[in-house]
Amino acid sequence: MSVVFEKPHALTDAVLHYCPGCTHGIIHRLVAEVIDELGIEGDTIAVASVGCSVMAYNYFNVDCVQAAHGRAPAVATGVKRSDPSKIVFTYQGDGDLAAIGTAETVHSAARRENITVIFVNNAIYGMTGGQMAPTTLPGQVTQTSPYGRDVEKVGYPVKVCELLSNVDGAAYLERVAVNNVQNVKKAKKAIKKAFQNQIEGKGFSLVEVVSTCPTNWGMTPQKALEWVDEKMIPYYPLGVYKDIYAEEEK
Amino acid sequence: MANSCNLLFAGFGGQGILFAGKFLAYKGLIENKQVSWLPSYGPEMRGGTANCSVIISDDPIGSPIVSKPDVLVAMNLPSLEKYENDVVAGGKIFVDSTLINKKVERTDVDVYYIPATKIANDNGTPTLANMIITGKVLKEVEFFSMDNTDAALKKVVSARHLDLLDVNFGAVKAGYDFE
Amino acid sequence: MSEKVLMKGNEAIAEAAIRAGCMHYFGYPITPQTEVAAYMSKRMPKIGGTFLQAESEIAAINMVIGVSSTGKRVMTSSSSPGVSLKSEGISYLAGCDLPALVVNVQRGGPGLGGIQPSQSDYYQSTKGGGHGDYHNIVLAPASVQEMASLTVKGFDLADKYRMVAMILADGTMGQMMEPVSLDVEKTEPVEKPWALTGTKCEREHNIVNSLFLKPEELEIENFKRYEKYKYIEENETMYEEYLMDDAEVCVVAFGITARVAKNAVNEARAKGVKVGMIRPITLWPFPKKPLMAAAEKVNSFICVEMNMGQMIDDVRLAIECKKPVELCNRVGGMIPTPEEVLAKIESAAKNGGAQ
């Protein structure tokens, strides 16, 4: 019997703890496929963050360090500076990267730190049970914005790719989604480029993946995927926000 | 002869107070003595007052803080007023008389008035009043001498200013010879 | 022994660290420790090491975590307010059992406090500092020579026990210059099979982690760590005894205050007062045994500290309150004078221990 579909080698056999319909699983798989395809598993070091993906260290079949909330880019900086021959990536959620870790994010980009950042934006704090995130949409109901996010009172969502596109050090920024097959394919291409950039020494590369949280959004998985198209993508338009090498190539 | 000397250098930031202290510390080190050098630090130094404690001793040094100096080098009026009364009885006070018009009130100490800043200006080395007054310290304090001045200067004058070795030596000598 | 050079305490730490094989430094400017960073910024590029001025003390300590997780020697330095910021990362280092050297050149607090020397982070450094049950090995140098030698020792202990070694200095120790020999006794490098070096697809992946969601597992992690701490307490305690043989009064002081107290002890001895001193060199583990032994002989203790009385608690615990313990202290950046300590010694000697 021939095997036609396999788990990527860069994923362990551990059973993912993510909720049904959550797209973390897809993103994990894409990252692992890219690691496999680039043949870098033995030299890759992952930095897990705090949030739903806190236990990513159990899932990626590479050496892993678990960082404090928001500090993954700083930890990754240390790992990369220690051994620049290693491929170092962080896997962070929106609370981690765009709230508590804003400084670490901006400054690792400013330093053009040669790391890869996988940024999962699902507009909510998932792990703690659905509180308002820096990326929660205006009017969106969460546990800590029960009347909907009132931008007059709590401020506006942070658009990470747009923000970082003004940071000279950032080399490559792209926002993708994984809510349909076409987008998943584009997402994988972006993730691969972000790793390829690091291998080529091109510097700070971040892929923002617009994701879902059906549990805390209070939706079915199917509805959540539709909501990405209806609400998330209009606010967080997909596309390449920065690619300094593409600009040079022109 | 005393087996140690506690010195306090005090003046404005920029007068080379710390440098003069370092010079003496290195001189002590070269002469196989125990030495410590402790500067005041922080923003007060930028244009404000600066001082440093220097201890040169034949024996191991306890506290590096000089609260009762045997020798006070005062290069501005606030420093003289602040530390005059801390000097031990029988101690020595060196005053830059170009910058300080006031006379020392204590009668139980030896006082040396040196117009160090004027001499420095006259010699065309306006930044070396510190070393002129230090030269006088070498002359008047029994514990010290002109020995190893060259070697000590080589340690404290930074590598990119080696051309200044001679003028520094000249300044120390000028202070040493000042009557 | 190589020629002695005059160096600031802060610079001696930096040079000693490099000679101990530390090739990675992450810092952030804060008075009075900035010379450590300045020195590293000059030296590291020349030897192919890392000097990185981080965006914050928080980032710096997390960069330390990153390097340490790869098994390399790494350090950061700061002063009191900055060490508070690093405390999160220090707790993670403890939880991940990662070695690192952290330097605290203390200044007065709380809050922004001042910039003059202080010892008021004694509790913070010896009792943990961050959240959770843990200890750092805390080394308290009292000379520029010890700033260098304890830095080397700190790296060795950190690697040996997979934990943070902290140099607890103060502004005086950092800023003062004394002759120092920078000879480093090379120790055998510690094997680090846990380090993140890439699996090469030849071994199971290594995980450096402090998260244990199952309480029974986390409890075991804590128990294991405290077994290690117990061993360290028995084997790594360092202290200096000075004129204790016939002492009736025992002064206890560390770092710069031990220097001041030594002057006072000498002056008191010259006056015929039988006084000695115990100087803890490791503040954790604390030298309980020599203090308890002293409690059998002396009438009273005097703790000289630049805080409101922090080490005094450990002294009382060490001697199980068998003898009275007095405090001689200045705070806020003030340093006790030998005269103040002498007066305390004389009054203690006169009282003969009766309170």
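Residues numbered from 1 in each chain as written. Chains lettered and ligands numbered in written order. Predicted model: local features only at pLDDT ≥ 70, side-chain atom pairs only at ≥ 80, totals over all residues.

**Describing the overall build of chain B**
How we decide: The way it works is that DSSP assigns letters per residue, a run of H or I at least four long becomes a helix, a run of E at least two long becomes a strand, and they are numbered from the N terminus. Here the globule rule is a power law, 2.2 Å times the number of residues to the power 0.38, and the radius of gyration is based on C-alpha atoms. Burial is judged by counting other C-beta atoms within 10 Å of a residue's own C-beta: 20 or more means buried, 12 or fewer means exposed, and anything between counts as partly exposed, with every C-beta placed from the backbone.
For chain B, the helix and strand inventory stands at six helices and six strands. What you see in chain B, going N to C, is helices and strands ordered as β-α-β-β-β-α-β-β-α-α-α-α. Taken against the 2.2 N^0.38 rule, which gives 16 Å for 179 residues, the C-alpha radius of gyration of chain B at 15 Å falls within 12% of a compact globule. Judged by the C-alpha coordinates and their principal axes, chain B covers about 40 × 40 × 35 Å. Here chain B holds 179 residues, and 47% of them are scored as buried.

**Some thoughts on the overall build of chain C**
This is how the line gets drawn: Residues are defined as contacting one another if the C-beta atoms placed from their backbone atoms lie within 7 Å.
Secondary structure assignment for chain C yields twelve helices and 15 strands. For a compact globule of 355 residues, the expected C-alpha radius of gyration is about 20 Å, and chain C comes in at 21 Å, within 12% of that figure. Looking at the 355 residues of chain C, the share that counts as buried comes to 59%. Within chain C, contacts between residues separated by at least 24 positions form 79% of all contacts whose residues are at least 6 apart in sequence.

**Brief notes about the domain arrangement of chain C**
All names here are of chain C. Defined as follows: An automatic or database domain assignment supplies the residue ranges for each domain.
Parsing chain C into structural domains produces domain 1 (5-198 + 223-235) and domain 2 (240-351). With centres defined by C-alpha atoms, the gap from domain 1 to domain 2 works out at 27 Å. The partner domain 2 presents 22 residues to the 27 residues of domain 1 that form the contact. When residues of the side of domain 1 that touches domain 2 are traced back to their parent elements, those giving at least two are α5 (122-126), β6 (137-139), β7 (164-170), α7 (171-175) and α8 (215-235). Per element, the largest residue contribution to the side of domain 1 that touches domain 2 is four residues, and it comes from α5.

**Considerations on the sheet that holds strand β4 (residues 116-121) of chain A**
Paired through backbone hydrogen bonds, the strands of a sheet run either parallel or antiparallel to each other. Where we set the bar: Two strands form a pair only when DSSP identifies at least two bridges running between them. For helices, the fitted line uses only the C-alpha atoms of the stretch in contact; every axis is such a line through C-alpha atoms, and the angle between N-to-C directions lies from 0 to 180 degrees.
The strand order across the open sheet formed by eight strands is β7(A)-β5(A)-β6(A)-β4(A)-β3(A)-β1(A)-β2(A)-β9(C), and the pairing between neighbours is mixed. Edge strands, defined here as strands with exactly one partner in the open sheet, are β7 (239-243) of chain A together with β9 (207-208) of chain C. By the bridge criterion, six bridges tie strand β5 (residues 172-177) of chain A to strand β6 (residues 205-210) of chain A in an arrangement that is parallel. Across the sheet, residue Glu 174 of chain A finds its bridge partner in β6 of chain A, namely Val 207 of chain A. Helix-sheet contacts for helix α1 (residues 24-38) of chain A involve β1 (44-48), β4 and β6 of chain A, and the interaxial angle to β4 of chain A is about 165°. Across the sheet, helix α3 (residues 72-82) of chain A lies against β1, β2 (63-66), β3 (87-93) and β4 of chain A, angled at about 175° from β3 of chain A, the strand it touches most.

**Comments concerning the interface of chain C and chain A**
Going by this rule: Charged residues are taken to be Asp, Glu, Lys and Arg, nonpolar residues to be Ala, Val, Leu, Ile, Met, Phe, Trp, Tyr, Cys and Pro, and polar residues to be all remaining types, Gly included.
Listed by partner, the interface residues are 32 residues for chain C and 29 residues for chain A. Those elements giving two or more residues to the side of chain C that touches chain A turn out to be β3 (50-53), α3 (57-69), α4 (80-95) and β9 of chain C. Ranked by residue count, the leading element in the side of chain C that touches chain A is α3 of chain C, at nine residues. Taken together, the residues of the side of chain C that touches chain A sort by class into 13 nonpolar, 15 polar and four charged. Where β2 of chain A and β9 of chain C come together, two bridges link them in parallel fashion. By the bridge assignment, Cys 64 of chain A is partnered in β9 of chain C with Ile 207 of chain C.

**Quick look at the sheet that holds strand β12 (residues 275-280) of chain C**
Residue and element names in this part refer to chain C. Strand order in this open sheet of five strands is β10-β12-β11-β14-β15, and the pairing throughout is mixed. The sheet is open, and its two edges are formed by β10 (239-242) and β15 (325-329), each paired on a single side. Taking the axes of each pair of neighbouring strands and ignoring which way they run, one obtains an average angle of 20° across the sheet. Where strand β11 (residues 249-253) meets β12, four bridges bridge the pair, whose relative direction is parallel. Bridge assignment links Cys 250 to a residue of β12, and that residue is Gly 276. Of the strands in this sheet, β10, β11, β12 and β14 (300-305) are in contact with helix α9 (residues 255-270), which crosses β12 at around 165°.

**Quick word on the confidence of the model for chain C**
Keep this limit in mind: As a per-residue measure, pLDDT reflects the predictor's confidence and takes values from 0 up to 100.
Averaged over every residue, the pLDDT of chain C is 96; the share at 70 or more is 99%. This prediction of the complex comes with two scores: 0.95 for pTM and 0.95 for ipTM.

**Observations concerning the interface of chain B and chain C**
The interface is formed by 15 residues belonging to chain B together with 20 residues belonging to chain C. Here the side of chain B that touches chain C takes five residues from strand β2 (residues 34-39) of chain B, the largest share from any one element. Looking at the side of chain B that touches chain C residue by residue, the classes come out as ten nonpolar, five polar and no charged.

**A look at the environment of Gly 175 of chain B**
Residue and element names in this part refer to chain B. With respect to the helices, strands and loops of the structure, Gly 175 is situated in helix α6 (residues 165-177). Residue classification places Gly 175 among the buried residues on the basis of 27 C-beta atoms within 10 Å. The spatial distance from the C-alpha of Gly 175 to the C-alpha of Thr 134 is 6.8 Å, given a sequence separation of 41 residues. When residues no more than four places from it in sequence are discounted, the contact partners of Gly 175 are Ile 114, Ala 116, Met 131, Ile 132, Ile 133, Thr 134, Gly 135 and Lys 136.

**A short note on the packing of α3 of chain A against helix α5 (residues 102-110) of chain A**
All names here are of chain A. Which entries qualify depends on this criterion: What sets the label is the angle itself: under 35 degrees gives roughly parallel, over 145 gives roughly antiparallel, 65 to 115 gives roughly perpendicular, and the rest give oblique.
At their nearest, the axes of α3 and α5 sit 7 Å apart, and the two run at 40° to each other. It follows that α3 is oblique to α5 by the angle criterion. Taking contact as the criterion, the partners of Pro 73, Ala 74 and Thr 77 in α3 are, on α5, Glu 104, Thr 105 and Ser 108. Its residues assigned to classes, the contact of α3 with α5 shows two nonpolar, three polar and one charged.

**Section: α8 of chain C**
As a reminder, the rule being used: An expected span of 1.5 Å times one less than the residue number is assigned to each helix.
The end-to-end C-alpha distance of α8 of chain C is 30 Å, a good match for the 30 Å that 21 residues give at a rise of 1.5 Å each. Counting buried positions along α8 of chain C gives one out of 21 residues, so the element sits mostly on the surface.

**A look at helix α1 (residues 17-30) of chain B**
Between its terminal C-alpha atoms α1 of chain B stretches 20 Å, which fits the 20 Å expected from 14 residues at 1.5 Å a residue. Of all the residues in α1 of chain B, the buried ones are Ile 17, Leu 18, Ala 20, Gly 21, Lys 22, Phe 23, Leu 24, Ala 25, Tyr 26, Lys 27, Gly 28 and Leu 29 of chain B.

**Examining unusual backbone geometry**
Residue and element names in this part refer to chain C. A cis amide bond links Gly 109 with the next residue in sequence, Pro 110, at an omega value of 0°. Tracing the backbone shows Pro 110 in the loop between β5 (100-106) and α5. Cis geometry marks the peptide bond from Trp 284 to Pro 285; its omega dihedral reads 0°. In this structure, Pro 285 sits in the loop between β13 (282-284) and α10 (288-295). The residue Glu 320 is not glycine, and still its phi comes out positive at about 50°. Locating Glu 320 in the fold gives a position in the loop between α11 (311-318) and β15. Here the phi dihedral of Cys 321 falls at roughly 55°; this positive angle occurs in a residue that is not glycine. Tracing the backbone shows Cys 321 in the loop between α11 and β15. Judged by local crowding, Cys 321 falls into the exposed class, with 11 C-beta atoms found within 10 Å.

**What about the packing of α1 of chain B against helix α4 (residues 129-140) of chain B?**
All names here are of chain B. For clarity, the cut-off: Handedness of a crossing is defined here by the sense of rotation of the near helix relative to the far one, left-handed for an anticlockwise turn of less than a right angle and right-handed for a clockwise turn.
For the pair α1 and α4, the least separation of the axes is 9 Å and the interaxial angle reads 40°. With respect to α4, the element α1 is oriented oblique. In this structure, α1 meets α4 at a crossing whose hand is right-handed. Together, Ile 17, Phe 19, Ala 20, Phe 23 and Leu 24 of α1 and Asn 130, Met 131 and Thr 134 of α4 make up the contact between the two elements. Across the contact of α1 with α4, the residue classes tally to six nonpolar, two polar and no charged.

**What about the pairing of strand β4 (residues 71-74) of chain B?**
On any regular strand, side chains alternate: one points to one face of the sheet, the next to the other face. All names here are of chain B. Of the two faces of β4, the one carrying Val 71 and Val 73 and the one carrying Leu 72 and Ala 74 are both buried. Here four bridges tie strand β1 (residues 4-12) to β4, and the two strands are oriented parallel to one another. Paired with Leu 7 across the two strands is Val 71, which belongs to β4. Alignment of β4 against strand β5 (residues 92-96), held across four bridges, turns out to be parallel.

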